[in-house]
Amino acid sequence: MNPIPESLEKKAQEIILRYPPEHRSAALVPVLLEAQKIVGCLSPDVEAWAAETLGVTPVRVREVISFYGMMHQKPLGKYHIMFCHNVSCSIQGAESLQDYLETKLGIKAGDVSEDGQFSIAAVECLGACGWGPVMLVGEEQFFQLTAEKIDNIIDELRQGRMPHGDTPTPLIGNVGLPTT
Ligand code: FES
């Protein structure tokens, strides 16, 4: 088993202290998210460590990791792009835009680029259906995507800059109803 970084051990203990001792297993999700941030992915070694640290079975840890789309067993790109392919975004053109993004980056959903900079995942609803098509890069969410908007976002990322995501606007403006 690869050693677990000391910073992760320390952070996990801090998180566990937020819960009653008899419910330390409730810290599983935040501990795993912290582990992913520090180690880069939730490898079998991290799974085993989390099970032992939180007093749960390894199967329980695997269940949680495989349930949540934001938890990953393999390393992702530096910029992980989650592209919504659910119904609302699809009818607003998400599929052809995802193809466009994949061609631009030279990878398919589920892959990591050779230089380790980008990975793409096709995901279910990102909770912003009225502003589709939608994608999430790290923690920044981008709405009403077009090929040009994707070009601008990728250009910024290639230069090492994370662009600011979009802020939801009142939906009434999107459906053309009077705003007065
Ligand atoms: S369907 Fe894409 S954000 Fe909901």
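Residues numbered from 1 in each chain as written. Predicted model: local features only at pLDDT ≥ 70, side-chain atom pairs only at ≥ 80, totals over all residues.

Across its full length, the protein carries seven helices and four strands. The secondary structure elements of the protein, listed N-terminal to C-terminal, are α-α-α-α-β-α-α-β-β-β-α. A principal-axis box enclosing the C-alpha atoms of the protein has dimensions of 55 × 45 × 25 Å. The proportion of buried residues among the 180 residues of the protein is 26%. Taking all contacts inside the protein whose residues are at least 6 apart in sequence as the whole, residues at least 24 apart take part in 58%. (Helix = DSSP H or I, 4+ residues; strand = E, 2+ residues; numbered from the N terminus. Buried ≥ 20, exposed ≤ 12 C-beta atoms within 10 Å, placed from the backbone. Contact = placed C-beta atoms within 7 Å.)

Another point: the environment of D151. If you trace the backbone, D151 turns up in helix α7 (residues 147-158). Considering only alpha carbons, one finds D151 and G40, 111 residues apart in sequence, at a separation of 27 Å.

Mapped onto the elements of the fold, D115 is located in the loop between α6 (94-105) and β2 (118-123). For the pair D115 and S7, spaced 108 residues apart in the sequence, the C-alpha separation amounts to 27 Å.

Overall, mixed pairing links the four strands, which are arranged β2-β1-β3-β4 in an open sheet. Looking along the sheet, the strands with just one partner apiece sit at the ends: β2 and β4 (140-142). Each adjacent strand pair in this sheet contributes to an overall mean axis angle of 20 degrees, direction not counted. In the sheet, strand β1 (residues 79-84) pairs with strand β3 (residues 135-137) via three bridges, with the strands oriented antiparallel. From the neighbouring strand, F83 faces β3, where its bridge partner is M135. Lying over the sheet, α6 contacts β1 and β2, oriented at roughly 165 degrees with respect to β2. (Pairing = 2+ DSSP bridges. Axes fitted to C-alpha atoms, helices over the stretch in contact; angles between N-to-C directions.)

A few words on helix α2 (residues 28-39). Between its first and last C-alpha, α2 extends 16 Å over 12 residues, near the 16 Å set by a 1.5 Å rise per residue. When α2 is considered as a whole, its buried residues turn out to be L28, V31, L32, A35 and Q36. Buried positions in α2, seen along its axis, are confined to an arc of 140 degrees and lie on one side of it. Where α2 is buried, its residues meet α1 (6-16), α3 (44-54) and α4 (58-67). (Expected span 1.5 Å × (residues − 1). Arc of directions from axis to C-beta.)

Domain parsing of the protein yields domain 1 (6-67) and domain 2 (79-166). Computed over C-alpha atoms only, the centres of domain 1 and domain 2 are separated by 29 Å. (Domains from an automatic or database assignment.)

Let us now look at α7. In this model, α7 (12 residues) spans 16 Å end to end at C-alpha, consistent with the 16 Å of a helix rising 1.5 Å per residue. The set of residues buried in α7 consists of I150, I153 and L157. For α7, the angular spread of the buried residues around the axis is 65 degrees, confining them to a single face. Along α7, exposed side chains directed more than 90 degrees from the buried face belong to E148, D155 and R158. For α7, the secondary structure elements touched by its buried residues are β1, α6, β3 and β4.

Next up on the list: the confidence of the model for the protein. Averaged over every residue, the pLDDT of the protein is 91; residues scoring 70 or more account for 93%. Scored below 50 in pLDDT, residues 176-180 shows three contacts in the model against residues more than four places distant or in partner chains. (pLDDT = per-residue confidence, 0-100.)

Turning our eyes to something else, we now look at the packing of α2 against α4. Where α2 meets α4, the closest approach of the two axes is 11 Å, and the angle between their N-to-C directions is 70 degrees. Comparing the axis directions of α2 and α4 gives the class roughly perpendicular. Counting all contacts with α2, which are made through L28, V29 and L32, the residues of α4 involved are V61, V64 and I65. Partitioning the contact of α2 with α4 into residue classes produces six nonpolar, no polar and no charged. (Parallel < 35°, antiparallel > 145°, perpendicular 65-115°, else oblique. Nonpolar A, V, L, I, M, F, W, Y, C, P; charged D, E, K, R; others polar.)

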